[in-house]
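Tertiary structure, described
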Amino acid sequence: MSLPVLREPDDLASMKGMTFVPTMGALHEGHLSLVRAGLAWDAPVVMSIYVNPTQFAPNEDFDQYPRPIESDLEKAAAAGAAAVFMPDNELMYPADTPPACPPLPSVATEPGLEDAYRPHFFTGVCTVVARLLDLVSPCRMILGEKDYQQLLVLQAMVEADRNRWPQVEVIGSPTIREPDGLAMSSRNAYLDDTNRDRALGLSRAMQAAAAEPDATSAESRMRSVLEEHQLRVDYAVVRDSRTLMPVEGSVAGHRAIIAAHLDTVRLIDNQLL
């Protein structure tokens, strides 16, 4: 039996108590692990596939972003999804009542991480996820920890407006890695064999940071490892796991967070130290 592809909110009416996994498609094991985690609630798991134009800057890869729809549907079905919600642009961004971005929480504007390097990004993310939550009305939403700042932002967004989303719980699920340690990402499809080892600089940098005695030396060591792998660093920092603000002293219990460029591919990763 083929996986139902739903286009309208009314199509979701039978999915009572659902768990929601929002994605932009190009599904990999990281996405599918979220579906399998959602099955623990003994309720339907609905994925969405929507490549959101408002979270790409003009110089980013919206047009090139992979869209293997048939393969995605097969993978979603095999993982246990009950349906895939695939709205069109007219539903997501209606011309007569364009959706507004909810107020951005401080974790989206103050840490100087994605908010500094991609200033458009969280406006796009919060706008589209708020719209999806309004359309889908799930009981819970599961997100991967690989996009760690995004996870904290969306948890804060939902918590700040319980009148709008009284029932939604936003749950983080651990990052899924390749056997060599590379965090799974749709953008890994852009990497050839030569660049694969360079991309491992992110996980190696975080491993090195964990051995350092304090945050300052950990950040310096991470940057050195990334540069050894010929990566251009946006940030390589140790931050408070809840606020993402700078910390001092021991790295224990804090989170290493990295964004770096491998030629034209931007990679992100993080790890609890």
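The preceding data block contains the structure.
1. Examining the sheet that holds strand E5 (residues 140-144)
Ordered by their spatial adjacency, six strands build an open sheet running E1-E4-E3-E2-E5-E6, and the pairing between neighbours is parallel. Every interior strand has two partners, whereas the edge strands, strand E1 (5-6) and strand E6 (169-173), have only one. Pairing analysis gives five bridges linking strand E2 (residues 19-23) to strand E3 (residues 45-49), with the strands arranged parallel. Bridge pairing in E3 places Val21 opposite Met47. Set on the sheet, helix H6 (residues 148-160) makes contact with E5 and E6; between it and E6 the angle comes to about 165°.

2. Here we look at the packing of aromatic side chains
Inspection of every chain in the model, using the stated rule, returns two aromatic pairs. Geometry around Tyr148 places Arg255 over its ring, the cationic atom sitting 3.9 Å from the centre.

3. Quick word on the pattern of salt bridges
Under the criterion given, the structure shown has eleven salt bridges. A salt bridge links Asp180 to Arg196, with the shortest nitrogen-to-oxygen separation between them at 3.0 Å. Here the residue Asp180 occupies a position in the loop between E6 and helix H7 (193-199), and Arg196 occupies one in helix H7, the gap between them amounting to 16 residues. Taking relative accessible area as the criterion, Asp180 reaches 38% and is therefore assigned partly exposed. Classification of Arg196 by relative accessible area gives partly exposed; the value is 26%. Arg198 serves as the salt-bridge partner of Asp263, at 3.3 Å between the closest nitrogen and oxygen. Placement of the pair is Asp263 in the loop between strand E8 (255-262) and strand E9 (265-272) and Arg198 in helix H7, with a sequence separation of 65 residues. Look at Asp263 and you get partly exposed, because its relative accessible area is 48%.

Cut-offs and rules
- Residues numbered from 1 in each chain as written.
- Predicted model: local features only at pLDDT ≥ 70, side-chain atom pairs only at ≥ 80, totals over all residues.
- Heavy atoms only, no water.
- Pairing = 2+ DSSP bridges.
- Helix = DSSP H or I, 4+ residues; strand = E, 2+ residues; numbered from the N terminus.
- Contact = heavy atoms within 4.5 Å.
- Axes fitted to C-alpha atoms, helices over the stretch in contact; angles between N-to-C directions.
- Phe/Tyr/Trp six-rings, centres within 6.5 Å; stacked < 30°, edge-to-face > 60°.
- Lys NZ or Arg CZ within 6 Å of the ring centre and 35° of its normal.
- Salt bridge = Lys/Arg side-chain N within 4 Å of Asp/Glu carboxyl O.
- Buried < 20%, exposed > 50% of the residue type's maximum accessible area, 1.4 Å probe, protein only.

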